[in-house]
Each structure stands twice: as C-alpha cells, then as structure tokens.
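Topology and contacts: notes
Below, each chain spelled out in residue letters.
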Amino acid sequence: MAVKPIVIYGDPVLKAMCMALDFKEHSEIIQSACQDMVDTLAHVGGQGLAAPQIGIPVRIIVLHPEFFPGRPKDSVMVNPTIRRPGSLRDVKEEGCLSIPGVREYITRPTWCEVSFFDRKGQGRVVAASNALARCIQHEVDHLNGVLLLDYLSGRKRKNVAKRMRQLSKRAA
C-alpha cells in the first residue's frame, strides 16, 4: 500500500482513545491500515507501530519481526487488550517514533498476556515476556492515548515537552 509519515508529539491523535474495529463492518479499512502500518514500520525501522502514529485513531498495532525472533513475518494485532500484566517489573530505556530523539527509562511488567485479532480476523492470545512484552505494552499505551512521557515525573515531562516544541518550531 503506502509508507505513511509518522505523527509527531503534539498532534492530538496521539492523545486520543482509539476506536475498536469490527471485522465484518470494517474489513477493508483494517486490511488497508494494516498494510500501511507494515510498510511504514519496515521503512522507519522501529520495533513497533500503533495506528495513531500514522494518524489513524483505531486499535491496531504492528510489531517488527526482526526484533522478535520466532514471530510471524508481520505481527499485526487488531483490537489488542492486555489481559494480564505480570507482577514482576523492570526498568528499561524506551524510545518512541513519535517523540524523536527522546529515550527515557520506563518501569513496566516483564510479562503480559494479550488478546487480539490477527489480520484475518482470527482471535488469538499470546503470552509475551521481556522485550516483546515491553513493546506490546508501549504500543497498546498509544491506543489508549498514553505516551512514554506520561510515565515521567512532572518536571522531567515538562522539560521533554519543551524540547519537543522547540524541535517542531525549527522544523516548521
């Protein structure tokens, strides 16, 4: 389909609660969005991508297969829901395609179970751990209007937000 531009911090779509899609009613929209996301992620080279990051406020995420050995060629999750986050947590550095140049340490569960539909509409449940669990949680956060900046303390969040506004002014 097409490589889409990445939506950058400050765009309201990144803070929106995304809409779940019904396969029977929205099959063409789902297939088109999934392919655009797979193409875009392959082009930009991130670990994962959520639909709002290309301006579509729907509940779809894509995981890049190179970062997660043993996964299918393109790991598409439609309407993903984290059913059970693990109780053990760790702190790791994360970045975000929509917040370029920013990397912050974020605390997340090291394990989660996620239910979703694949791009054919088949229901799935996957238990994920470590980097895969972190990536799924990060991308599902996007679907709920949550950014990695939302995990930072007030002062740190303000500093990063200020830096992002300055970058966007320079780019304009």
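These lines cover the structure that appears in this document, whether it is placed above or below. Quick caveat, the model's predicted, so the values are computed rather than measured.

Procedures and definitions
- Residues numbered from 1 in each chain as written.
- Predicted model: local features only at pLDDT ≥ 70, side-chain atom pairs only at ≥ 80, totals over all residues.
- Heavy atoms only, no water.
- Helix = DSSP H or I, 4+ residues; strand = E, 2+ residues; numbered from the N terminus.
- Expected span 1.5 Å × (residues − 1).
- Bend = angle between axes of the 7 residues up to and from the residue.
- Buried < 20%, exposed > 50% of the residue type's maximum accessible area, 1.4 Å probe, protein only.
- Polar contact = N/O pair within 3.5 Å; in protein donor to acceptor, adjacent residues only side chain to side chain.
- Pairing = 2+ DSSP bridges.
- Axes fitted to C-alpha atoms, helices over the stretch in contact; angles between N-to-C directions.
- Contact = heavy atoms within 4.5 Å.
- 1 Å grid on protein atoms, 1.4 Å probe; cavity = no way out; pocket = protein on both sides within 12 Å on 5 of 7 lines; lining within 4 Å.
- Points joined across faces, edges and corners; volume = space filled by probe spheres on them.
- Salt bridge = Lys/Arg side-chain N within 4 Å of Asp/Glu carboxyl O.

1. Examining helix α1 (residues 23-44)
With 22 residues, α1 should reach 32 Å at 1.5 Å per residue; the first-to-last C-alpha distance of 28 Å falls well below that figure. The largest bend in α1 is about 40 degrees, located at Ile-29. Taken together, the buried positions of α1 are Phe-23, Ile-30, Ala-33, Cys-34, Asp-36, Met-37, Val-38, Thr-40 and Leu-41. Near the N-terminus of α1, the side chain that reaches the backbone nitrogen of Lys-24, with its oxygen 2.9 Å away, is that of Asp-22. Looking at the residues trailing α1, positive phi occurs at Gly-45, about 80 degrees.

2. Some details on the sheet that holds strand β1 (residues 48-50)
Pairing is antiparallel across the open sheet formed by five strands, whose spatial order is β1-β2-β3-β6-β7. Each edge of the open sheet carries a strand with a single partner, namely β1 and β7 (123-129). Direction aside, the axes of adjacent strands within the sheet are offset by 40 degrees on average. The pairing of strand β3 (residues 75-85) with strand β6 (residues 111-117) spans five bridges and is classified as antiparallel. Within β6, the residue paired with Pro-85 across the bridge is Cys-112. On top of the sheet, α1 reaches β1, β2 (60-63), β3 and β6; it is set at about 35 degrees to β2, its chief contact. In the packing of helix α2 (residues 130-143) onto the sheet, contacts are made with β1, β2, β3, β6 and β7, and the angle to β2 comes to roughly 150 degrees.

3. Points about the layout of surface pockets
As a volume, the largest pocket reaches approximately 450 Å³. Listed by contribution, the elements that provide at least two residues to the lining of the largest pocket are β4 (89-95), β5 (103-109) and α2. Ranked by residues supplied to the lining of the largest pocket, first place goes to α2 with six residues.

4. Some thoughts on the pattern of salt bridges
Taken as a whole, this structure holds eleven salt bridges when the rule is applied. The residue Glu-94 makes a salt bridge to Arg-108 at a minimum N-O spacing of 2.6 Å. Within this pair, whereas Glu-94 is found in strand β4, its partner Arg-108 is found in strand β5, the two being separated by 14 residues in sequence. A residue is classified by how much of its surface remains accessible, and Glu-94, at 5% relative accessible area, is buried. Note on Arg-108: relative accessible area 3%, which makes it buried. For Glu-94, the salt bridge is made with Arg-134, and the minimal N-O distance between the two is 2.6 Å. Of this pair, Glu-94 sits in strand β4 while Arg-134 sits in helix α2; the two residues are 40 residues apart in sequence, bridging distant segments of the chain. The burial state of Glu-94 is the same as that of Arg-134; both residues are buried. Connected via shared salt-bridge partners are Asp-90, Glu-94, Arg-108, Arg-134 and Asp-141.

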